[in-house]
Amino acid sequence: LGGQKVMAPLRQSPDGDGGLSSLADIKGFKEHGIVAVSRMDDIISSFPISRVDLIKIDVEGFEKDVIDGAGKVLNQFKPAVIMEMVNDDAVLAGEILLGYGYVSFVAGQKGDCMINTLDKTDPKQLAHNNMLFIHSSKCEALSTAGFEVV
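First things first, this report covers the structure right here in the doc. (Residues numbered from 1 in each chain as written. Predicted model: local features only at pLDDT ≥ 70, side-chain atom pairs only at ≥ 80, totals over all residues. Heavy atoms only, no water.)

Focus: the pattern of salt bridges
No. 1: Per the counting criterion, the structure on display carries four salt bridges.
No. 2: Residue R51 pairs with D53 through a salt bridge whose shortest N-O separation is 2.6 Å.
No. 3: Classification of R51 by relative accessible area gives exposed; the value is 56%.
No. 4: On the basis of relative accessible area, D53 is assigned to the partly exposed category, the value being 44%. (Salt bridge = Lys/Arg side-chain N within 4 Å of Asp/Glu carboxyl O. Buried < 20%, exposed > 50% of the residue type's maximum accessible area, 1.4 Å probe, protein only.)

Notes on the pairing of strand β4 (residues 54-57)
No. 1: Of the two faces of β4, only one is covered, namely that formed by I55 and I57; the face formed by L54 and K56 stays uncovered.
No. 2: Judged from the four bridges that link them, β4 and strand β5 (residues 80-84) form a sheet pairing that is parallel. Opposite L54, over in β5, you have A80 as the bridge partner. (Helix = DSSP H or I, 4+ residues; strand = E, 2+ residues; numbered from the N terminus. Pairing = 2+ DSSP bridges.)

Read these as spatial facts, not as claims about activity.
What follows is the structure in structure tokens.
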């Protein structure tokens, strides 16, 4: 998935780990082939889908592109988003989600805690591989379910 419908090179980590591949141009990664990239908005709109509840993004540096191609889905369905947060591109994608009205959560020592900004210099945020983004309109339901939303 990406921000536009294109054919793009898929790159693989230098150690040959096929599980560590990316569409992003990551230093040291070698081109491994060409793949079709589609926008999430286009895929979802081509099926009779009435709800999207959760999106998991783990795309090794291509997070912003995935979010760029999902604006309609994010606005219409307001799904929860779990995103791996280990690079600057993920932070940019997270900032875009905040702009869509999402709030971000990381696991804290005393349970779940909400943060309202993403700071790539804050090791507490990037030490957690994944962050959870919930649309602000759904936070009351979390509180009702017993989660502490600070």
